[in-house]
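# Survey of secondary and tertiary structure
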Amino acid sequence: MKRLIGAHVSAAGGVENAVTKAAAMGANCVQVFSGSPRVWQRKPLDQINVDKVFSKQRELSVSSIFTHALYLVNLASEKPELREKSVRVLKHDLSFDSLLKGSGVVVHVGSHQGRGWEAVREQVATSIKEILDDSPADSTFLIENAASHNGKVGNRLEEIRWLLDAVKSPRLGWCADTCHLHAAGYALGEVKSSDQVASATSKEKTAIEEITDLDLWSTLKCLHVNDSKDPFASGRDRHQNIGAGVIPTADLKYFLTYNKAKDIPIITEVPGLDGTGPDEENINRIKALVLP
């Protein structure tokens, strides 16, 4: 099976344009927003020309489309209006995913804003159940791990495990972001370096050890592959181009080619060499890490 390696690109002017842009940089999968990531308004689904999208996918061999939910979502909010808006827009995105025969909607589920994980977890699980119950049966909800700042849900992988167990749906999985794992104190290599061991905020286990111990491999459906501008266990989510950040390249390669990870689709969200987003150079750097 050919490894799926792609990037997040703009879908301005139509999702088919995103497919074209992805293919031009050597990608065979793509991630898009269903609309602006910073406003609630979404384009009506009947305005999407799916035939154009599917035709372009076949023409350019871009076989998989992931959707990233907008940044305003917070299923952990104590404000009912914000939670209701979040539920509504995620139902739309799962319908968008279904329409495009996509590979899933990647979601930052939100922040407890200091109230603590235990105070919000039931609310988050109930919200995810509601979204899944009122969205197409062929759509997929993917929880993205967080970078351990501002009370973000999912910065600890056991929180994702808890949500998977609470919701109990084959349509619920998760997405692992390498920058976020690094920021949250999960080392990507086989063992921790001395600097990582010395970090007071680092997690006890490596990422692979924790994913294995929590039995999370079977529900891991996407890898966001991003380098980091910030030190290990910093709690800061700032992506850097592949090989230009502080994540050791050998560690990134080890994680991406680990036996249980080697077939999982890859999406990169790096700034690109010119600062406008992922580019051919970063796709090639990822290919150099993971392809024989």
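Look up: the structure comes first, before these words.
Note that this is a predicted model, so its numbers are computed, not measured.

This brings us to helix α3 (residues 80-99). Relative to the 28 Å expected for 20 residues at 1.5 Å per residue, α3 spans 29 Å between its end C-alpha atoms, a close match to the ideal helical length. Residues of α3 that are buried sit in contact with α1 (15-24), β2 (29-33), β3 (64-68), β4 (104-107), α4 (117-133) and β5 (141-144). Looking one or two residues past α3, Lys101 carries a phi angle of roughly 50°, positive in sign.

Summed over the entire model, instances satisfying the criterion amount to 4 aromatic pairs. Seen from the ring of Tyr186, Lys203 lies directly overhead, with NZ or CZ sitting 5.4 Å from the centre.

All right, on to the packing of α4 against helix α5 (residues 157-167) then. For the pair α4 and α5, the least separation of the axes is 10 Å and the interaxial angle reads 45°. Judged by the angle between their axes, α4 and α5 are oblique. Crossing hand, α4 versus α5: right-handed. Between α4, through Trp117, Arg121, Glu122, Val124, Ala125, Ile128, Lys129 and Leu132, and α5, the contact on the second element is made entirely by Glu159, Trp162, Leu163, Ala166 and Val167. Here the residues of the contact of α4 with α5 are counted per class, giving 9 nonpolar, no polar and 4 charged.

Okay, the pairing of β3 next. For β3, the buried fraction is high: 5 of the 5 residues fall into the buried class. On β3, burial covers both faces: Ser64, Phe66 and His68 on one face and Ile65 and Thr67 on the other are all buried. The pairing of β2 with β3 spans 5 bridges and is classified as parallel. Residue pairing for β3: Val32 is matched across the bridge by Thr67. Taking the sense of rotation as the criterion, the β-α-β connection linking β2, helix α2 (residues 50-60) and β3 turns out right-handed. As paired elements, β3 and β4 share 3 bridges and run parallel to each other. Residue pairing across strands places His68 opposite Val106, the latter belonging to β4. Tracing the backbone out of β3, into α3 and back to the parallel element β4 gives a crossover that is right-handed.

Turning next to the pattern of salt bridges. What the rule picks out here adds up to 14 salt bridges. Taking the shortest distance from any N to any O, the salt bridge between Lys91 and Asp134 comes out at 3.0 Å. Residue Lys91 is found in helix α3, and its partner Asp134 is found in the loop between α4 and β5; the two are separated by 43 residues along the sequence. Since its relative accessible area comes to 17%, Lys91 is described here as buried. As a salt-bridge pair, Glu158 and Arg156 come within 2.7 Å of each other at their nearest N and O atoms. Residue Glu158 is classed as partly exposed on the basis of its relative accessible area of 29%. A residue is classified by how much of its surface remains accessible, and Arg156, at 31% relative accessible area, is partly exposed. Residues joined by salt bridges that share partners form a network here, namely Arg83, Lys91, Glu130 and Asp134.

Take the packing of α3 against α4 next. Two elements in contact, α3 and α4, have axes separated by 9 Å at closest approach and are oriented at 40°. With respect to their mutual orientation, α3 and α4 come out oblique. The interaxial crossing formed by α3 with α4 has right-handed handedness. On α4, the residues touching Arg83, Val87, Leu90, Lys91 and Leu94 of α3 are Gln123, Ser127, Glu130, Ile131 and Leu132. Residues belonging to the contact of α3 with α4 are distributed by class as follows: 5 nonpolar, 2 polar and 3 charged.

Side chains Phe141 and Ile143 project from β5 onto one buried face, and the interleaved Leu142 and Glu144 project onto a second face that is buried too. With α4 bridging β4 and its parallel neighbour β5, the resulting β-α-β unit is right-handed. With α5 bridging β5 and the parallel strand β6 (residues 172-177), this β-α-β connection has right-handed handedness.

Let's shift gears to the sheet that holds β2. Ordered by their spatial adjacency, 8 strands build a closed barrel running β1-β2-β3-β4-β5-β6-β7-β10, and the pairing between neighbours is parallel. Strand-to-strand twist in this sheet, taken as the mean axis angle between neighbours without regard to direction, amounts to 30°. Across 2 bridges, the pairing between strand β7 (residues 220-224) and strand β10 (residues 266-268) is parallel. Among the inter-strand pairings, Leu223 is bridged to a residue of β10, identified as Ile266. Docked against the sheet, α1 engages β2 and β3, running at close to 140° with respect to β2. Against the sheet, α3 touches β2, β3, β4 and β5, its axis set at about 145° to β4.

Quick notes on the rules
- Residues numbered from 1 in each chain as written.
- Predicted model: local features only at pLDDT ≥ 70, side-chain atom pairs only at ≥ 80, totals over all residues.
- Heavy atoms only, no water.
- Helix = DSSP H or I, 4+ residues; strand = E, 2+ residues; numbered from the N terminus.
- Expected span 1.5 Å × (residues − 1).
- Contact = heavy atoms within 4.5 Å.
- Phe/Tyr/Trp six-rings, centres within 6.5 Å; stacked < 30°, edge-to-face > 60°.
- Lys NZ or Arg CZ within 6 Å of the ring centre and 35° of its normal.
- Axes fitted to C-alpha atoms, helices over the stretch in contact; angles between N-to-C directions.
- Parallel < 35°, antiparallel > 145°, perpendicular 65-115°, else oblique.
- Left-handed = near helix turned anticlockwise from the far one by under 90°.
- Nonpolar A, V, L, I, M, F, W, Y, C, P; charged D, E, K, R; others polar.
- Buried < 20%, exposed > 50% of the residue type's maximum accessible area, 1.4 Å probe, protein only.
- Pairing = 2+ DSSP bridges.
- Right-handed = clockwise from strand over helix to strand, strands pointing away.
- Salt bridge = Lys/Arg side-chain N within 4 Å of Asp/Glu carboxyl O.

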